[in-house]
Number of protein chains: 2
Amino acid sequence: MNAPPSKRVIPVILCGGAGTRLWPLSRAASPKQMLDLTGGGSMLALTAERVADRALFAAPVVVAGADQAAAIEAQVPGLGALILEPAPRNTAPAIALAALAADADDVLLVLPSDHLIADVEGVGDAVRRALPLARDGWIVTFGMKAERAETGYGYIERGAALADGVFAAVRFVEKPDAATAQAFVAGGRHDWNAGIFLMRAGTYLEALEAHAPRIFEAVTKGAFTDSPAQSIDYAVMEKAERVAVVPAAIGWSDIGSFEALHLVSEKDGDGNVVAGPGLAIGAHGCLIRSDGPMVAAIGVEDLVIVATKDAVLVVPRAESQRVKEAVEALKARGLDALL
Amino acid sequence: MNAPPSKRVIPVILCGGAGTRLWPLSRAASPKQMLDLTGGGSMLALTAERVADRALFAAPVVVAGADQAAAIEAQVPGLGALILEPAPRNTAPAIALAALAADADDVLLVLPSDHLIADVEGVGDAVRRALPLARDGWIVTFGMKAERAETGYGYIERGAALADGVFAAVRFVEKPDAATAQAFVAGGRHDWNAGIFLMRAGTYLEALEAHAPRIFEAVTKGAFTDSPAQSIDYAVMEKAERVAVVPAAIGWSDIGSFEALHLVSEKDGDGNVVAGPGLAIGAHGCLIRSDGPMVAAIGVEDLVIVATKDAVLVVPRAESQRVKEAVEALKARGLDALL
């Protein structure tokens, strides 16, 4: 039995990001969320599939830049609404646009469009667990098990249990140093912040008004481009009261680097991931990916080799975050067509 | 004062080779001799420039497959003659075609079209030194100083001095094992065989008749394709008497691998060779070459990275001879368009 439409959760898929960490695959014109990184469809299409259960979820709302409109319509069948940001202003103002378009009592599930979640059913279970608190005015985050001392993520500290599998969130820490991250993992009270949130539209706007009045004012006055560019984490989560966290083991990865893509991809007997036309000859532990040219990797170890029709990247897997140095160098040379 | 035309040496440039050691740069349709590997012009054009001194050399004769005719005419200005092989039969029959087209007393300088020689003047000096013996019926080879225990080359053993800087060649050894090559280098009596020969056309045909009668018969009867495919080294040099060697320090390289190309190319402060659109970021000792796509190499060491519009090769420099494994794998998959 479906819930009445007004009671369904409205998925708000944030599709405005650009990002350079997967260059040369990700480009200004085809950002990460539009890429098929796993062979199962674009990250955006997979995100939409995650909220396809119409008993629980209403048709999704996508917030994005205007240049992605056609691609989004093609990749999200049954799109509820497409909200175009006049300019990129990070997540806090983008979510505000969706909240303003909804009724104050509508519950929104905010989702990044460029993450991987292996356990789709787990998403529904976690949302159901979080829903009573969200209806009650809490902002609920979802905590991913911190599997390693990752310094590039945000962490949420769990406090007292509020309900079965739901905890008060007592602190947000963005990108801790290595020692702090290590202590978080060892302590077992911190989860990774996956950027997934459940809350009433009204709750969000009230929190925004209280903690980020400049954003609230710009967005509610129709002056979106005057808004500061701030993440929801910085503008709201780190300051709001009544924030909860639902730990959710749902096979999450942000695929924030080629190293992470290698980690989540299926490997051959030598630990290589070969996607697209490629040959791994006496190669081990490599990520070999081509969108066109034949890639022959011979006798190399633990390398990322990514080829597109106009650019090739070769970098040790463990240094794959250095991709941004190539992007910066191309930018400095004015080679914008490659970005 | 120029020598009378009849007395000039006729360069015979052998342009029939295919080869796979520089894949994906070298292809069936654009073999190594047609590539600009050094930034100075194609290997063929550089070969023709080596014999451009019209006081010493007549216009060059090129022997090649029919599919290369247009490219050869474009790259060899002042071409004396283009002799097309009906089918590839290695060097001994190819040289016979040129010898038959000449007068018996004409002196031929046989040259591979895909080697590098840095000292062009040294070529003329060596030929002048060799010329009296060639006119006298000797086959004169040119010995390149054996700089390392290379097992992929042929070696010529020097015997008694016949004239100033000219020695009897007492033995040819093709591709010795490592211990033998090491002994050759240590002994100092062996030179590398660069495949460059000076001899009267008649001398060559007589030697061919004596030592490789099946080739002689096929070629002289106009049945070229019936000829065995044999190199001049195997068919003639290893068996002929009156063979001389002129040691010549002329900066020779056969550029038989990407390792060899790296060796002869100009490097940046980190030992990288970057040819074409490429970025070396924290990379050391790499050969980065692109005929199209931007190549970004980050944090890698001693790699060969070669990109063309339809293929990319990544292999450690020291293993660059393994390129043939990629070629074999592509052949096995029927991907002939990439070969």
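Below, the structure is looked at part by part. Residue numbering note: each chain is counted from 1, following its sequence as written. Each chain gets a letter, beginning with A, and each ligand a number, beginning with 1, in the order they are written. The model is predicted, so local features are restricted to residues of pLDDT at least 70 and side-chain atom pairs to those at 80 or more, both for listing and for counting; the totals for chains, interfaces and linings are taken over all residues.

For this analysis, nonpolar core means a set of buried Ala, Val, Leu, Ile, Met, Phe, Trp, Tyr and Cys residues linked through C-beta atoms within 7 Å. Exposure classes come from backbone-placed C-beta atoms, where a residue is buried if 20 or more other C-beta atoms lie within 10 Å of its own, exposed if 12 or fewer do, and partly exposed in between. Judged by nonpolar contacts, the single largest core of 240 residues is most densely connected at V12 and A297 of chain A together with V12, L108 and A297 of chain B. In this structure V12 of chain A touches V61, V63, I95, A98, L108, L109, V110 and L111 of chain A, once residues within four positions along its chain are discounted. Once C-beta atoms are placed from the backbone, any two residues with those atoms within 7 Å are in contact.

This paragraph deals with the relation of the copies chain A and chain B. Copies of the same chain, two in number, are related to each other by a rotation about an axis and a translation along it. We place the copies in one frame by least squares, fitting the C-alpha atoms of every residue whose pLDDT is at least 70 in both. The two copies are related by a screw motion: chain A maps onto chain B through a turn of 180° and a shift of 0.0 Å along the axis, at an RMSD of 0.0 Å. Both copies are brought into coincidence by an operation consistent with a two-fold rotation axis. Among all residues of chain A, the one whose C-alpha sits closest to the rotation axis is K309 of chain A, at a distance of 3.4 Å. Looking at chain A, 100% of its interface residues are interface residues in chain B too, so the copies touch through the same face.

This paragraph deals with the interface of chain A and chain B. Residue-level contacts link 27 residues of chain A with 27 residues of chain B. Of all elements in the fold, only β13 (278–281), β15 (294–298), β16 (303–307), β17 (311–316) and α10 (323–332) of chain A reach the threshold of two or more residues within the side of chain A that touches chain B. To qualify as a helix, a DSSP run of H or I must reach at least 4 residues; to qualify as a strand, a run of E must reach at least 2; elements of each kind are numbered from the N terminus. Looking at the side of chain A that touches chain B element by element, the count peaks at six residues for β17 of chain A. Any residue outside Ala, Val, Leu, Ile, Met, Phe, Trp, Tyr, Cys, Pro, Asp, Glu, Lys and Arg is labelled polar, Gly included; the first ten of those are nonpolar and the last four are charged. Counted by class, the side of chain A that touches chain B contains 21 nonpolar, one polar and five charged residues. Alignment of β15 of chain A against strand β17 (residues 311–316) of chain B, held across four bridges, turns out to be parallel. From the neighbouring strand, M294 of chain A faces β17 of chain B, where its bridge partner is A311 of chain B. At least two bridges found by DSSP between two strands is the condition for calling them paired.

Below, the discussion takes up the sheet that holds strand β12 (residues 273–275) of chain A. Read from one edge to the other, the open sheet built from six strands follows the order β12(A)-β14(A)-β16(A)-β17(A)-β15(B)-β13(B), with strand pairing classed as mixed. Unpaired on one side and paired on the other, β12 of chain A together with β13 (278–281) of chain B mark the two borders of the sheet. This sheet shows a mean twist of 5° between the axes of neighbouring strands, independent of strand direction. Packed onto the sheet, α10 of chain A meets β17 of chain A together with β13 and β15 (294–298) of chain B and runs at close to 130° relative to β13 of chain B. Structural elements are reduced to axes, namely lines fitted to C-alpha atoms, with helices fitted over the stretch in contact, and the angle between N-to-C directions of any two is expressed from 0 to 180 degrees.

Without other data, these values stay purely geometric and don't point to any function.
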